Amino acid sequence: GARKRVLEGNVSFLEILTRVYKRPQMLAINMESLRAQTDPDWQQTYLVDNVGRGINWSCENMAAHAPDLVGEYIWCLDDDDMCTSPTLVADLKIIVAEHDPDVIMVKMDHGKAVLPGPDTWGDEPVYGQIGVSAYIVRRSLWQAHAGALVPGWYGSDYSLINSIFGNNP
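Turning our attention to the pairing of strand E3 (residues 73-76). Remark: a regular strand shows side chains that alternate across the two faces of the sheet. Across the two faces of E3 the burial is the same, with Tyr 73 and Trp 75 and Ile 74 and Cys 76 all buried. Relative to E3, strand E1 (residues 14-20) runs parallel, the two sharing four bridges. Each bridged residue has a counterpart across the sheet, and for Ile 16 the counterpart in E3 is Trp 75. One ladder, built from three bridges, connects E3 with strand E7 (residues 135-138); its direction is antiparallel. Within E7, the residue paired with Ile 74 across the bridge is Val 137.

This is the structure:
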């Protein structure tokens, strides 16, 4: 059977990490897409870069923040991405109740392409065909593998999920 959740304080089922960099219009769209959720059992945590330190700092910051994560599941949805399903949290709860997975893969549309693409959907992650918004991970697993976020490498989303799946890049 599925594990029972014990909520303490403001702990949410889904914690959404949003890396933010001086894109207020995109962030507003991101936030609006989340406010459309039919199930309110989520929280959004902002990792803000007001200086412009880029992907290097972004990956270091996500790894450094890992011990502070509190949601049962973690999903990274950057400020230039949006949630396309208003029932995402409700649907995730059903999946968790039925299967108790460590990782839930989802398709992401970040404006350039839908990832994972049709040639790689259902397979193990492929570099260039995965994005950090394409997977939702149990908090303990995210925390255990946060060190796989490679500072300065744009493909750190691949490194993280590859590490979780137990693969060598």
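The discussion continues.
With that out of the way, let us pick up the packing of aromatic side chains. The description of an aromatic ring pair rests on the distance of the ring centres and on the angle between the ring planes. Under the defined criterion, the tally for this structure stands at two aromatic pairs. An angle of 50° between the planes, with centres 5.5 Å apart, marks the rings of Phe 13 and Tyr 73 as tilted. One end of the pair, Phe 13, is in the segment before E1; the other, Tyr 73, is in strand E3, with 60 residues separating them in the sequence. You'll find Phe 13 and Tyr 73 in the same group, each marked buried. Residues Tyr 127 and Tyr 158 carry aromatic rings whose centres are separated by 5.5 Å and whose planes lie at 75° to one another, so their mutual orientation is edge-to-face. Taken together, the positions of Tyr 127 in the loop between strand E6 (114-115) and E7 and Tyr 158 in helix H5 (residues 156-164) put the pair 31 residues apart, joining distant regions of the chain.

Taken as a whole and judged by the stated rule, the model has zero disulfides. Considering cysteine sulfurs only, Cys 59 is the nearest to Cys 76, which forms no disulfide, with 9.2 Å between them. By relative accessible area, Cys 76 is classed as buried at 0%. Unpaired in terms of disulfides, Cys 83 finds its nearest cysteine sulfur in Cys 76, a separation of 13 Å.

Moving on, we come to the side chain of Glu 15. When you line up the elements, Glu 15 lands in strand E1. We note that Glu 15 is buried and unpaired, the nearest opposite charge coming from Arg 139 at a distance of 6.0 Å. A polar side-chain atom of Glu 15 sits 2.6 Å from the main-chain amide nitrogen of Val 70. If we skip the residues at most four places from it in the chain, Glu 15 touches Gln 43, Thr 45, His 65, Leu 69, Val 70, Gly 71, Tyr 73, Ile 74 and Trp 75.

To continue, consider the nonpolar core. Of all hydrophobic cores here, the largest spans 24 residues; its most connected members are Leu 17, Met 62, Val 103, Tyr 135, Val 137, Trp 142 and Ile 164. Only helix H2 (54-65), E3, E7, helix H4 (139-145) and H5 provide two or more residues apiece to this core. Among residues more than four places away in sequence, those in contact with Met 62 are Arg 19, Leu 47, Cys 76, Val 132, Trp 142 and Leu 149. In terms of nonpolar packing, the next biggest core, distinct from the first, is built from 16 residues, Leu 14, Trp 42, Ile 104 and Ile 136 among them.

Attention shifts here to the confidence of the model for the chain. Across the chain, pLDDT averages 86, with 93% of residues at or above 70. Confidence drops under pLDDT 50 across residues 1-9; counting only partners more than four residues distant or on other chains, this segment forms 10 contacts.

Let's shift gears to the environment of Trp 75. Relative to the helices and strands, Trp 75 is located in strand E3. In this structure the C-alpha to C-alpha distance between Trp 75 and Ile 16, which are 59 residues apart in sequence, comes to 4.8 Å. Once you skip the residues sitting within four places of it in the chain, Trp 75 turns out to touch Leu 14, Glu 15, Ile 16, Leu 17, Leu 34, Cys 83, Leu 88, Val 106, Val 132, Ser 133, Tyr 135 and Ile 136. A distance of 2.8 Å separates the side chain of Trp 75 from the backbone oxygen of Ser 133, its partner in a polar contact.

Criteria and thresholds
Residues numbered from 1 in each chain as written. Predicted model: local features only at pLDDT ≥ 70, side-chain atom pairs only at ≥ 80, totals over all residues. Heavy atoms only, no water. Buried < 20%, exposed > 50% of the residue type's maximum accessible area, 1.4 Å probe, protein only. Helix = DSSP H or I, 4+ residues; strand = E, 2+ residues; numbered from the N terminus. Pairing = 2+ DSSP bridges. Phe/Tyr/Trp six-rings, centres within 6.5 Å; stacked < 30°, edge-to-face > 60°. Disulfide = S-S within 2.5 Å. Lys, Arg positive; Asp, Glu negative; His and termini not counted. Salt bridge = Lys/Arg side-chain N within 4 Å of Asp/Glu carboxyl O. Polar contact = N/O pair within 3.5 Å; in protein donor to acceptor, adjacent residues only side chain to side chain. Contact = heavy atoms within 4.5 Å. Core = buried A, V, L, I, M, F, W, Y, C linked by side-chain atoms within 4.5 Å. pLDDT = per-residue confidence, 0-100.

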